[in-house]
Amino acid sequence: MKNGQGCLVALGIFAVCAAIGSLLPEKEETPAQKVAIAKAHNEAAIERSVKSILKDPDSSQFRHLGEHCGWVNAKNSFGGYTGFTRFIANPDADAALETDDNHPEFEKLWHEKCLSIPG
């Protein structure tokens, strides 16, 4: 068999395997897997929301992520980490970091939405 014919045979075998693979039924995810996938998507959306308001989003470190709340540490304008700060975020919208200026309002929202998060 010449080299060109060998490539055609290999391509034919690959095509047949791909066709057979597409006919096999896909495994259905378990309820636990569906919950884990939804949680991962929500956490990624929360992180994107918080990163959108940070000076250096690539430096962000997250902990204690909940459905809308958690803690974030990131670098400030001077390049130093600020320390972990509480945040409240909506996966589809804005986020708010706790500051001295918004502390009373932030504290109220934290107690309404974030009771399961430490801090």
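Please refer to the structure placed before this passage.
Residues numbered from 1 in each chain as written. Predicted model: local features only at pLDDT ≥ 70, side-chain atom pairs only at ≥ 80, totals over all residues. Heavy atoms only, no water.

A.B. asks: I would appreciate a short explanation of the packing of aromatic side chains in the present structure.
C.D. replies: Counted under the stated rule, the structure contains three aromatic pairs. Aromatic pair Phe 106 and Trp 110: ring centres 6.0 Å apart, planes at 25°, arrangement stacked. You can see Phe 106 and its partner Trp 110 sitting in helix α3 (residues 103-113), four residues apart, about one turn around the helix. Taken individually, Phe 106 and Trp 110 each receive the classification buried, so the pair is uniform in this respect. By way of ring pairs, the aromatic residues Trp 71, Phe 106 and Trp 110 are connected into one cluster. Taking the ring centre of Trp 71 as reference, the NZ or CZ of Arg 63 above it sits at 5.7 Å. The residue whose ring lies beneath Arg 63 is Phe 84, and the NZ or CZ to ring-centre distance is 3.9 Å. (Phe/Tyr/Trp six-rings, centres within 6.5 Å; stacked < 30°, edge-to-face > 60°. Helix = DSSP H or I, 4+ residues; strand = E, 2+ residues; numbered from the N terminus. Buried < 20%, exposed > 50% of the residue type's maximum accessible area, 1.4 Å probe, protein only. Lys NZ or Arg CZ within 6 Å of the ring centre and 35° of its normal.)

A.B. asks: Honestly, the state of the cysteines in this entry has me stumped. Any pointers?
C.D. replies: Note on terminology: disulfide describes a covalent bond linking the sulfur atoms of two cysteines. Overall, the coordinates contain one disulfide when judged by the stated rule. The disulfide bridge from Cys 69 ends at Cys 114, spanning 1.7 Å between sulfur atoms. On the sign convention where negative means left-handed, the S-S torsion of about -60° between Cys 69 and Cys 114 marks this disulfide as left-handed. On the criterion of sequence distance, the pair formed by Cys 69 in strand β2 (residues 69-75) and Cys 114 in the segment after α3 is long-range, its members being 45 residues apart. (Disulfide = S-S within 2.5 Å.)

A.B. asks: What is the right way to look at the sheet that holds strand β1 (residues 56-63) in this model?
C.D. replies: Within a sheet, adjacent strands bond to each other through the backbone by hydrogen bonds, running parallel or antiparallel. Strand order in the open sheet made by the four strands is β1-β2-β3-β4, with antiparallel pairing throughout. If you trace the sheet from one side to the other, it starts and ends with β1 and β4 (95-97), each paired once. Neighbouring strand axes in the sheet, compared pairwise and without regard to direction, differ in orientation by 40° on average. The pairing of β2 with strand β3 (residues 85-89) spans four bridges and is classified as antiparallel. (Pairing = 2+ DSSP bridges. Axes fitted to C-alpha atoms, helices over the stretch in contact; angles between N-to-C directions.)

A.B. asks: Would you mind going over the pattern of salt bridges with me for this structure?
C.D. replies: Pairs can form between side chains of opposite charge whenever their charged atoms are close. According to the stated counting rule, one finds four salt bridges in the structure shown. Put simply, Arg 86 and Glu 98 hold a salt bridge, and the shortest N to O gap is 2.8 Å. Taken together, the residues span a long stretch of sequence, with Arg 86 in strand β3 and Glu 98 in the loop between β4 and α3 at a distance of 12 residues. For Arg 86, a relative accessible area of 4% corresponds to the buried category. One salt-bridge network, held together by shared partners, links Arg 86, Glu 98 and Glu 107. (Salt bridge = Lys/Arg side-chain N within 4 Å of Asp/Glu carboxyl O.)

Any functional reading would require information that these geometric values do not contain.
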